[in-house]
Amino acid sequence: MSHISEQADNHKTGNLIPSNQWGSGVATEAKMIERNLLEIKNKIAPYNVKIVAVTKYFGLDGIVNGYKAGLRDFGESRALDAIAKIDSLDEEIRQNSRFHFIGHLQTNKAEKVVRYFDYIHSIDSLKLAKMVSEFACALNKREKVLLQVNNSGEEQKYGYTKSQLKNDLLEILELNGLEIVGLMNMAPFGAKQEELSSLFSDLRMYRDELEREFCIRLPELSMGMSDDYEIAVQEGATIVRIGRKLFN
């Protein structure tokens, strides 16, 4: 694979240096990622948790070196940049990896995201759910999706309120192109441990409530990132989305 020259992007990321045109983070090394991955796994060893490596800031080499270090699940949130990276990967890595779209999904990017991604963590409206289902059916696939819940109540964050999701859930469950596998949330930046524990446990209890009320299974809880994944796991997370703690 040819090396793509590094370019500065200090305006967006301070002193971070892009490893290629699709990332604005430091270059990565497989051995470093492997060490970081082992440390994270040791911390969550009693739990059965999937680690999604968030590679959106780390360029193509983040995925390549993450794969060499043993990672197989990769998270991206900028659709066009992510697709360019995926298209540039070796066939082995593409075929043996799972790609998770973890950011807000604009409707005009939905078709491309369905085509390239195995999971979408950020379904936050009935309109978007219907659109993703339609594109998935056209591709003869069932897209694995998680429903994003804004249980912190932050106005700047996307996601369903708990009452809105209950109102839409029956219609979402009837969409043929979707496999609803769970819920996702995002904790407020800088939240204290007590608030984080409360938000994560609240999502778990809400998931349990939906399962009882709608007679469904929602096995996945995608919650927790680099700064709070240990708390999330203790409160029931089955998927954690980790970037900086893996790649720095």
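The rules we used
Residues numbered from 1 in each chain as written. Predicted model: local features only at pLDDT ≥ 70, side-chain atom pairs only at ≥ 80, totals over all residues. Heavy atoms only, no water. Helix = DSSP H or I, 4+ residues; strand = E, 2+ residues; numbered from the N terminus. Buried < 20%, exposed > 50% of the residue type's maximum accessible area, 1.4 Å probe, protein only. Contact = heavy atoms within 4.5 Å. Areas by Shrake-Rupley, 256 points an atom, 1.4 Å probe, with all protein chains shown as cover. Axes fitted to C-alpha atoms, helices over the stretch in contact; angles between N-to-C directions. Parallel < 35°, antiparallel > 145°, perpendicular 65-115°, else oblique. Left-handed = near helix turned anticlockwise from the far one by under 90°. Nonpolar A, V, L, I, M, F, W, Y, C, P; charged D, E, K, R; others polar. Polar contact = N/O pair within 3.5 Å; in protein donor to acceptor, adjacent residues only side chain to side chain. Expected span 1.5 Å × (residues − 1). Arc of directions from axis to C-beta. Right-handed = clockwise from strand over helix to strand, strands pointing away. Pairing = 2+ DSSP bridges. Core = buried A, V, L, I, M, F, W, Y, C linked by side-chain atoms within 4.5 Å. Salt bridge = Lys/Arg side-chain N within 4 Å of Asp/Glu carboxyl O.

### Quick word on the overall build of the chain
Scanning the chain from N- to C-terminus turns up 11 helices and eight strands. A burial count over the chain gives 52% of its 248 residues as buried. Long-range pairs, those at least 24 residues apart, make up 62% of the contacts in the chain with a sequence separation of at least 6. When the accessible surface of the chain is split by element, carbon and sulfur atoms take 46% of a total near 12300 Å².

### With respect to the packing of helix 8 (residues 162-173) against helix 9 (residues 193-214)
At their nearest, the axes of helix 8 and helix 9 sit 12 Å apart, and the two run at 30° to each other. In this view, helix 8 runs roughly parallel relative to helix 9, as classed from their interaxial angle. Helix-helix and strand crossings are classified by hand; for helix 8 and helix 9 the assignment is right-handed. In this structure, helix 8 uses Lys162, Leu165, Lys166, Leu169 and Leu170 to contact helix 9, whose residues at the interface are Asp202, Tyr206, Glu209, Leu210, Glu213 and Phe214. Classifying every residue of the contact of helix 8 with helix 9 gives six nonpolar, no polar and five charged.

### A few points about the side chain of asparagine 150
Among the secondary structure elements, asparagine 150 is positioned in the loop between strand 5 (143-148) and helix 8. With a relative accessible area of 13%, asparagine 150 lands in the buried category. Side-chain polar atoms of asparagine 150 contact the backbone nitrogen of glycine 153, separated by 3.1 Å.

### Some remarks on helix 2 (residues 30-43)
Its 14 residues place the ends of helix 2 20 Å apart at the C-alpha level, agreeing with the 20 Å of an ideal helix rising 1.5 Å per residue. What helix 2 keeps buried is the set Met32, Ile33, Asn36, Leu37 and Ile40. Viewed end-on, helix 2 has its buried residues packed into an arc of 130°, placing them on one side of the element. In helix 2, those exposed residues whose orientation departs by more than 90 degrees from the buried face are Lys31, Arg35, Leu38 and Asn42. In this structure, the buried residues of helix 2 make contact with strand 1 (50-54), helix 3 (59-68), helix 10 (229-234), strand 8 (239-242) and helix 11 (244-247).

### Thoughts on the pairing of strand 6 (residues 178-184)
Most of strand 6 sits inside the fold, with six of its seven residues counted as buried. Considered for its hand, the β-α-β crossover made up of strand 5, helix 8 and strand 6 is right-handed. Of the pairings in the sheet, the one linking strand 6 to strand 7 (residues 220-222) comprises three bridges and is parallel in character. Looking at the pairing, glycine 182 lines up with glutamate 220 of strand 7. One crossover worth recording links strand 6 to the parallel strand 7 by way of helix 9, and it is right-handed.

### Comments concerning the nonpolar core
Membership of the largest hydrophobic core comes to 67 residues, with the highest contact counts inside it found for Ile120, Val132, Leu165, Ile172, Leu183 and Leu246. The element contributing the most residues to this core is helix 9, with six residues. With residues up to four places along the chain from it excluded, the contact list for leucine 183 reads Leu146, Leu147, Val149, Leu165, Leu203, Tyr206, Arg207, Leu210, Leu218, Glu220, Leu221 and Ser222.

### A closer look at the environment of leucine 203
Inspection of the secondary structure puts leucine 203 in helix 9. With residues near it in sequence (within four places) discarded, leucine 203 still touches Val149, Asn151, Leu183, Met184, Asn185, Leu221 and Met223.

### Points about the environment of glutamate 143
For glutamate 143, the location among the structural elements is in strand 5. According to the relative accessible area criterion, glutamate 143 is buried, its value standing at 0%. Spatially, the C-alpha atom of glutamate 143 lies 9.7 Å from that of valine 181, the residues being 38 residues apart in sequence. The contacts of glutamate 143, once residues within four sequence positions are left out, are Val114, Phe117, Asp118, Tyr119, Ile120, Val132, Ala136, Gly177, Leu178 and Glu179.

### As for helix 3
The element helix 3 is extensively covered by neighbouring structure, given that nine of its 10 residues are classed as buried. Looking only at helix 3, the buried set comprises Gly59, Leu60, Asp61, Gly62, Ile63, Val64, Asn65, Gly66 and Tyr67. Summarising the contacts, the buried residues of helix 3 are in contact with helix 2, strand 2 (73-76), helix 4 (79-88), helix 5 (91-96), strand 3 (98-101) and helix 11. After helix 3 finishes, the residue glycine 70 shows a positive phi value of roughly 110°.

### Let's talk about unusual backbone geometry
For asparagine 140, which is not glycine, the phi torsion reads 60° and is therefore positive. Since its relative accessible area comes to 74%, asparagine 140 is described here as exposed.

### Remarks on the pattern of salt bridges
When the charged atoms of two side chains lie near each other, side chains of opposite charge can form a pair. In total, this model carries 19 salt bridges according to the counting rule given. Linking lysine 157 and glutamate 154 is a salt bridge whose minimum nitrogen-to-oxygen distance equals 2.6 Å. As far as the burial class goes, lysine 157 and glutamate 154 line up, both buried. Measuring nitrogen to oxygen at the nearest pair gives 3.1 Å for the salt bridge that ties glutamate 211 to arginine 217. Under the relative-accessibility criterion, arginine 217 is labelled exposed at 58%.

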